[in-house]
Amino acid sequence: MSYLREIADALADSLATVTWTPGTTAVYRRNWATFDVSEMANPVIVVTPGGAEVSRVARLTTQFDYTATVFIGRHVETDGEIDSMVDLADDVLRYIRAHDWSDVTWPAGVGKPQTVSVEINPDDALNERNVWRAVIEVVYRAFEADELPV
């Protein structure tokens, strides 16, 4: 199994342990955050594997910065629903940053995230369908020896 998948799985499992407001929020681990608008009457949080950036830090050690992407979305009708989604995105951001997940096993050598960023309604996406969304990018750092996996 790869760190990219293991991190996405662990992050989704961790986020699923939280009781979110609104309480109808569902957490998924998928490879693509694709939904029909009809499936988004309640908030969804989707974790997908991102990418990796590799840097040599010593002769035999490499630093890997693994990215996971968290999509948060909902079909909204009112400003009140939008306000609750902004609050949800902020809560998710804070939980990810705190990285206080005692019930979930994370890959060895992966700790608190290095960076966490959020973009709300990137590119004014899906405004014509009243879909509110946020995208959170999370970077986790791990150090590994320069060896091929066995």
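A few points on the structure. As the structure is a prediction and not an experimental result, all values here were calculated from the model.

Tallying secondary structure elements over the chain gives two helices and five strands in all. For the chain, the α and β elements follow one another from N to C terminus as α-β-β-β-α-β-β. For 150 residues, the compact-globule estimate of 2.2 N^0.38 gives 15 Å, and the chain sits close to it at 17 Å. Among the 150 residues that make up the chain, the fraction classed as buried is 39%. Taking the intrachain contacts of the chain between residues at least 6 apart in sequence as the baseline, contacts between residues at least 24 apart amount to 60%. Distance between charge centres in the chain, computed from 12 positive and 24 negative side chains, equals 7 Å.

Helix length check: helix α2 (residues 79-98), at 20 residues, gives a terminal C-alpha distance of 29 Å against a target of 28 Å (1.5 Å per residue), a fit within 8%. Along α2, the residues that are buried comprise Met85, Leu88, Ala89, Val92 and Ile96. All buried residues of α2 fall inside an arc of 100° around its axis, so they share one side. Facing away from the buried side of α2 by more than 90 degrees, the exposed set consists of Asp79 and Arg94. Summarising the contacts, the buried residues of α2 are in contact with α1 (3-16), β2 (44-58), β3 (61-75), β4 (115-120) and β5 (131-145).

Once that is clear, we can look at the sheet that holds β2. The sheet built from five strands is open, its strands ordered β1-β2-β3-β5-β4 with mixed pairing. With one partner strand each, in any of the chains shown, β1 (26-29) and β4 form the two edges of the open sheet. Strand after strand, the sheet turns through a mean of 25° between neighbouring axes, direction not considered. Here α1 sits on the sheet and contacts β1, β2, β3 and β5; the angle it forms with β2, its principal contact strand, is near 140°.

Calculation notes
- Residues numbered from 1 in each chain as written.
- Predicted model: local features only at pLDDT ≥ 70, side-chain atom pairs only at ≥ 80, totals over all residues.
- Heavy atoms only, no water.
- Helix = DSSP H or I, 4+ residues; strand = E, 2+ residues; numbered from the N terminus.
- Rg over C-alpha atoms; globule rule 2.2 N^0.38 Å.
- Buried < 20%, exposed > 50% of the residue type's maximum accessible area, 1.4 Å probe, protein only.
- Contact = heavy atoms within 4.5 Å.
- Lys, Arg positive; Asp, Glu negative; His and termini not counted.
- Charge placed at Lys NZ, Arg CZ, Asp CG, Glu CD.
- Expected span 1.5 Å × (residues − 1).
- Arc of directions from axis to C-beta.
- Pairing = 2+ DSSP bridges.
- Axes fitted to C-alpha atoms, helices over the stretch in contact; angles between N-to-C directions.

Treat this as a map of the structure, not an account of what it does.
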